[in-house]
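# Tertiary structure, described
Read off the chains here:
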Amino acid sequence: MIKKFLSPYITFYIFSIQFFIWIFFMPNSLNLEFKKYGIAYKYISNVSIFRFIFFYLIFIFFIFIGTKIKFKSSKINFKYLNKYNNLLMIIWILVELISIKVILFNPIKCLRLFLDGKFYIVLNLIKSQIFFTETLVNIFPLILSISLFFYFSNYKKRNNFFKIIIILLGTLINGIFLFKRMHFIYFFLIVIYFLIKNEKIKFFKTIKYLILILILLILGEMLRFGALYAVNKGENLLSADVFIMVIYFLLIAYISSDFNNAMVIFEAESSYQLISTASPFFQKLLLEVTGKYIGYNTIKNWESGHGTVNSLALWWYDFGIFTPIVCLIIGMSIGVVYSNSKRFKNKYSNIQIIAPIIFIGNFMLFRFNSFLLTIILIPISFLTIYILFLNILIKK
């Protein structure tokens, strides 16, 4: 039963949970108190619901088609992949240090802003830094995936366990202090994936891991929204009122708002900009090439201060009637990787490294602000570069 958690159709359960949270918790009318924190009100239309269901069914259909395609993946060269992983680890650590240089050079000032509930000023400085740091941070799922694969294959267990611990510490720093809450989820989902894959975990232990993720998310949000709310209300950060508000905020500002934002976008016509919902780098590129960039937060009925949306809506906004093609590419990729990672012939092949990355990407389709799914593309791009160079090296 526990292996169903790795199912390529897991989005059905996630979207269903998100839908019911949206139904029960999203405000039906505009609340001025919530509006200060970027929370909109419930938006729904027949067109939105139809488009969401229509594209989701197409997406699921192509996942199913993908599961029927079989192939044999290239085998892992443990020695070279381990060296490559060491290189990636060094790059990731350097990128992390560059990302937090504002904090490293101004610790007292940053601490003061943090205690005053104004740490968002530091975050804005971090986000305004060199583009590649924000992007390259996303190679950590690949490093983690390789390290866990080696660990469960009994290859250099001690070294790889050490790497896993370092990545965990980096995840905690990113998640708690830099408010990159998704890093918690990515880390623990990959860990859970390997534990289930290697039959090292039971159902109730999986629940414990999911509860741990929830606790870390709440802790991160207590330091982010909770600190701001406590300052505005003149209350203690650890008070019951602040804690309850943080829980409610997580439910409506993130889970519910993501679905609500999708409803607003599905009601609108497509922009056909192709890359407008990609990362800021591609948005700037679009502006330079075409002379215009129309963000989805400018469309009619958009009230939310939170930009994440389920990916289906982003595909619709950028591709319109061509959305089924995107569903085909991503859906079949998920299905192909899932089915072939289960084959015994591929037990020690490169697809075992790709599978957990595809898994977290599929899992997180319910809340993204970039259709390009950086968390999938960056790691797989680095793995592809490795495989290509390795083939050239071996041929020589």
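In what follows, the accompanying structure is described. (Residues numbered from 1 in each chain as written. Predicted model: local features only at pLDDT ≥ 70, side-chain atom pairs only at ≥ 80, totals over all residues. Heavy atoms only, no water.)

Another point: the side chain of His-183. With respect to the secondary-structure elements, His-183 resides in helix 11 (residues 181–197). Residue classification places His-183 among the buried positions, given a relative accessible area of 6%. (Helix = DSSP H or I, 4+ residues; strand = E, 2+ residues; numbered from the N terminus. Buried < 20%, exposed > 50% of the residue type's maximum accessible area, 1.4 Å probe, protein only.)

A few words on the environment of Lys-300. Summarising the element assignment, Lys-300 is placed in the loop between helix 14 (280–290) and helix 15 (311–319). Taking the C-alpha atoms as reference points, Lys-300 and Glu-267, 33 residues apart in sequence, are found 9.1 Å from one another.

Glancing now at unusual backbone geometry. Even without being a glycine, Asn-154 presents a positive backbone phi close to 60°. The residue Asn-154 is located in the loop between helix 9 (140–152) and helix 10 (157–177) in this model. Phi at Lys-156 takes a positive value of approximately 50°, unusual for a residue other than glycine. Note on placement: Lys-156 falls in the loop between helix 9 and helix 10.

The terminal C-alpha atoms of helix 11, which comprises 17 residues, lie 25 Å apart, in line with the 24 Å expected from a rise of 1.5 Å per residue. Burial runs high along helix 11: 16 of the 17 residues are buried. Taken from the residues just after helix 11, Glu-199 is the one with a positive phi, measuring 55°. (Expected span 1.5 Å × (residues − 1).)

Okay, empty space enclosed by the protein next. Using the criterion set out here, one finds 1 cavity of 30 Å³ or more in the structure. Put simply, the largest cavity is a space of about 50 Å³. Ala-40, Tyr-41, Tyr-43, Asn-260, Asn-261, Val-264, Asn-301, Trp-302, Glu-303 and Ser-304 are the residues that line the largest cavity. The class makeup of the residues in the lining of the largest cavity is 5 nonpolar, 4 polar and 1 charged. (1 Å grid on protein atoms, 1.4 Å probe; cavity = no way out; pocket = protein on both sides within 12 Å on 5 of 7 lines; lining within 4 Å. Points joined across faces, edges and corners; volume = space filled by probe spheres on them. Nonpolar A, V, L, I, M, F, W, Y, C, P; charged D, E, K, R; others polar.)

A side chain with one charge may pair with a side chain of the opposite charge, provided their charged atoms come close. Within this structure, the stated rule accounts for 1 salt bridge. Across the salt bridge formed by Glu-269 and Arg-51, the nearest N and O atoms sit 3.7 Å from each other. Separated by 218 residues along the polypeptide, Glu-269 in the loop between helix 13 (240–267) and helix 14 and Arg-51 in helix 3 (residues 46–66) bring together distant segments of the chain. On the basis of relative accessibility, which here comes to 57%, the residue Glu-269 falls in the exposed class. (Salt bridge = Lys/Arg side-chain N within 4 Å of Asp/Glu carboxyl O.)

Let us now look at the layout of surface pockets. The computed volume of the second largest pocket comes to approximately 1000 Å³. Around the second largest pocket, the lining is made up of 30 residues, and of these Ile-17, Leu-210, Ile-255, Phe-363 and Phe-366 lie nearest the centre. For the lining of the second largest pocket, the secondary structure elements donating two or more residues are helix 1 (10–25), helix 11, helix 12 (203–233) and helix 13. Broken down by element, the residue count for the lining of the second largest pocket peaks at 8 residues, all from helix 12. Looking at side-chain class alone, the lining of the second largest pocket contains 25 nonpolar, 2 polar and 3 charged residues.

Purely geometric stuff here, so don't read any function into it on its own.
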